[in-house]
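Remarks on the overall topology
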Amino acid sequence: MDEIFQKLQSVADRYDEVAEMLSDPAVIADTNRFMDLSKEEGSLRETNEVYKHYKTVIETIAEDEEMLSEGLDAELAEMTKEELSELKTEKGQLEEQLKILLLPKDPNDDKNIIMEIHGAAGGDEASLFAGDLLNMYMRYAESQGWKTEIIDETMTEVGGYKLVVVMISGTNVYSKLKYESGAHRVQRVPSTESAGRVHTSTATVGVMPEFEDVEIEIEDKDLRVDVFRASGAGGQHINKTSSAVRMTHLPTGIVVSMQDQRSQQQNRAKALQIMKARVYDHFAQQNESAYAEERKSAVGTGDRSERIRTYNYPQNRVTDHRIGLTLNKLDRIVNGELGDVIDALVIADQTAKMEALKNNA
């Protein structure tokens, strides 16, 4: 525990240092530095607060033990022993919490995300399921106080999605939704099925962290940008000008088309935003060995061919295959109540990482 104490004390010292810098007028005047330090202060806050409480518990335990060693009347001794027992239990719980807080952080955890949902195997039913997944994530995002924006979509005739891309912005979005990448399977009776037979369909979800300009660079020479007239809804003026943008990343062949915005400049900016996320995602999947530690969690994220979850409508059951979790409340989960699933994935991830640290120690 001595090594952990040293790490915790360094966190506490850095927290105090950052807090002091945030009150410096020169730092306040420098917007970028102030924002960076504010983000760092936020990332250290919980560890610092838990550590301070832990030190208080340790001090109180020492005081109680000293009082008992000096001799107390029976009633006061009994009360002190009871408090001591509770404090020792709390001490153990805080130690486990602090170990988790000191686990290496995913550098992308505090980022917003770009989520792509594709209707996969199953035709119309797969596209409808893609729409159900979109609705589930939109409702969960709303419950978290996050902002959502659909930035690209290809709808099917039955009202589902062949592809839908949504940007989700807020606090620690990636840290909670990074586990959703993979193949999602649905088992249910399609509305078009007259015989009442259960069909199996799939949709794939890709969760990519959003990157700022300074974080991932795409050189102009690697991009080909074509402009064309937008089609579909949007009124007459949107079709009179070449406002739509098709952006191609030449080294990878990745193509992003964007026509949802009002101007060519807006479409170009949105297309570049999606392109950065897709290029990062492409190289992360192609170079698994290089990116595995920082990108793939212990419970598995990122591989879209990996079947991660089954939604069984007849039995109102959701099963996450990575951690063997089964919950009989599909109706609530698809309505956005994802908390139990995500919490279980986070705990499984943290537990696996703790075991890995012990084995490598």
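Residues numbered from 1 in each chain as written. Predicted model: local features only at pLDDT ≥ 70, side-chain atom pairs only at ≥ 80, totals over all residues. Heavy atoms only, no water.

Overall, the coordinates contain 2 aromatic pairs when judged by the stated rule. Summarising the aromatic geometry, the rings of Phe-129 and Tyr-311 are spaced 5.4 Å apart at their centres and angled 70 degrees between planes, so their arrangement reads as edge-to-face. Taken together, the residues Phe-129 in helix H5 (residues 124-143) and Tyr-311 in strand S9 (residues 307-312) connect sequence positions 182 residues apart. Judged by relative accessible area, Tyr-311 falls into the buried class, the value being 0%. Here the aromatic rings of Tyr-140 and Trp-146 are separated by 5.7 Å at their centres, their planes lie at 85 degrees, and the arrangement is edge-to-face. What makes Tyr-140 buried here is its relative accessible area of 4%. Given a relative accessible area of 9%, Trp-146 falls into the buried group. Over the face of the ring belonging to Tyr-313 we find Arg-188, whose NZ or CZ atom lies 4.8 Å from the ring centre. (Phe/Tyr/Trp six-rings, centres within 6.5 Å; stacked < 30°, edge-to-face > 60°. Helix = DSSP H or I, 4+ residues; strand = E, 2+ residues; numbered from the N terminus. Buried < 20%, exposed > 50% of the residue type's maximum accessible area, 1.4 Å probe, protein only. Lys NZ or Arg CZ within 6 Å of the ring centre and 35° of its normal.)

Before going further, it helps to spend a moment on the pattern of salt bridges. Oppositely charged side chains are able to pair whenever their charged atoms sit close together. Tallying each qualifying case throughout the model produces 20 salt bridges. For Asp-110, the salt bridge is made with Lys-39, and the minimal N-O distance between the two is 3.9 Å. Of this pair, Asp-110 sits in the loop between helix H4 (74-101) and strand S1 (113-119) while Lys-39 sits in helix H3 (residues 31-70); the two residues are 71 residues apart in sequence, bridging distant segments of the chain. For Asp-110, a relative accessible area of 32% puts it in the partly exposed group. Salt-bridge contacts for Arg-45 lead to Glu-41; the nearest nitrogen and oxygen are separated by 2.6 Å. (Salt bridge = Lys/Arg side-chain N within 4 Å of Asp/Glu carboxyl O.)

This next bit is on the sheet that holds strand S11 (residues 325-327). On the basis of which strands lie adjacent, the open sheet formed by 8 strands has the order S2-S3-S1-S5-S4-S9-S10-S11 and mixed pairing. Looking at which strands have only one partner, the edges of the open sheet turn out to be strand S2 (147-155) and S11. The average angle at which neighbouring strand axes cross in this sheet is 15 degrees, direction not considered. Bridge analysis of strand S10 (residues 317-320) against S11 gives 3 bridges, and the strand direction is antiparallel. Across the sheet, residue Asp-320 finds its bridge partner in S11, namely Leu-325. Against the sheet, H5 makes contact with S1, S2, strand S3 (161-169), strand S4 (182-188), strand S5 (199-209) and S9, and its axis sits at roughly 45 degrees relative to S5, the strand it touches most. (Pairing = 2+ DSSP bridges. Axes fitted to C-alpha atoms, helices over the stretch in contact; angles between N-to-C directions. Contact = heavy atoms within 4.5 Å.)

A cluster of nonpolar residues, Met-67, Leu-76 and Met-79, forms a patch on the protein surface that exposes about 250 Å² of accessible area. As for its position among the elements, Met-67 is in helix H3. (Patch = residues over 30% accessible without salt bridge, like charges linked within 9 Å, V, L, I, M, F, W, Y side chains within 5 Å. Areas by Shrake-Rupley, 256 points an atom, 1.4 Å probe, with all protein chains shown as cover.)

Moving on, we come to the environment of Asp-320. Looking at the element boundaries, Asp-320 is found in strand S10. Exposure remark for Asp-320: the relative accessible area of 1% places this residue in the buried category. Excluding residues that lie within four positions of it along the chain, Asp-320 makes contacts with Ile-308, Arg-309, Leu-325, Val-341 and Leu-345. Here the side chain of Asp-320 touches Arg-309 through a polar contact of 3.1 Å, side chain to side chain. Polar contacts involving the side chain of Asp-320 include one to the side chain of Arg-322, which spans 2.8 Å. (Polar contact = N/O pair within 3.5 Å; in protein donor to acceptor, adjacent residues only side chain to side chain.)

Our next topic: the pairing of S1. Along S1, 5 of the 7 residues are buried, which leaves the element largely enclosed by surrounding structure. Two elements, S1 and S3, share 6 bridges in a ladder whose sense is antiparallel. Within the sheet, the bridge partner assigned to Glu-116 lies in S3 and is Val-165. Looking at chain direction, S1 and S5 are connected through 7 bridges and run antiparallel. Considered in S5, the bridge of Ile-114 is made with Met-208.

What follows deals with the confidence of the model for the chain. Detail in the predicted coordinates should be disregarded across regions flagged by low pLDDT. For the chain, the average pLDDT comes to 83, and 85% of its residues sit at 70 or higher. Scored below 50 in pLDDT, residues 233-240 makes 13 contacts in the model with residues more than four places away or belonging to other chains. Long-range and interchain partners of residues 289-298, a stretch whose pLDDT sits below 50, account for 19 contacts in this model, where long-range means more than four residues apart. (pLDDT = per-residue confidence, 0-100.)

We now examine the nonpolar core. Met-115, Ile-117, Leu-133, Tyr-137, Leu-177 and Tyr-311 are the most contacted members of the largest nonpolar core, which totals 35 residues. Secondary-structure elements contributing two or more residues to this core are S1, H5, S3, helix H6 (173-177), S5, S11, helix H10 (330-333) and helix H11 (339-360). The element that contributes the greatest number of residues to this core is H5, accounting for 8 residues. In terms of nonpolar packing, the next biggest core, distinct from the first, is built from 18 residues, Ile-151, Met-208, Ala-271 and Ile-274 among them. (Core = buried A, V, L, I, M, F, W, Y, C linked by side-chain atoms within 4.5 Å.)

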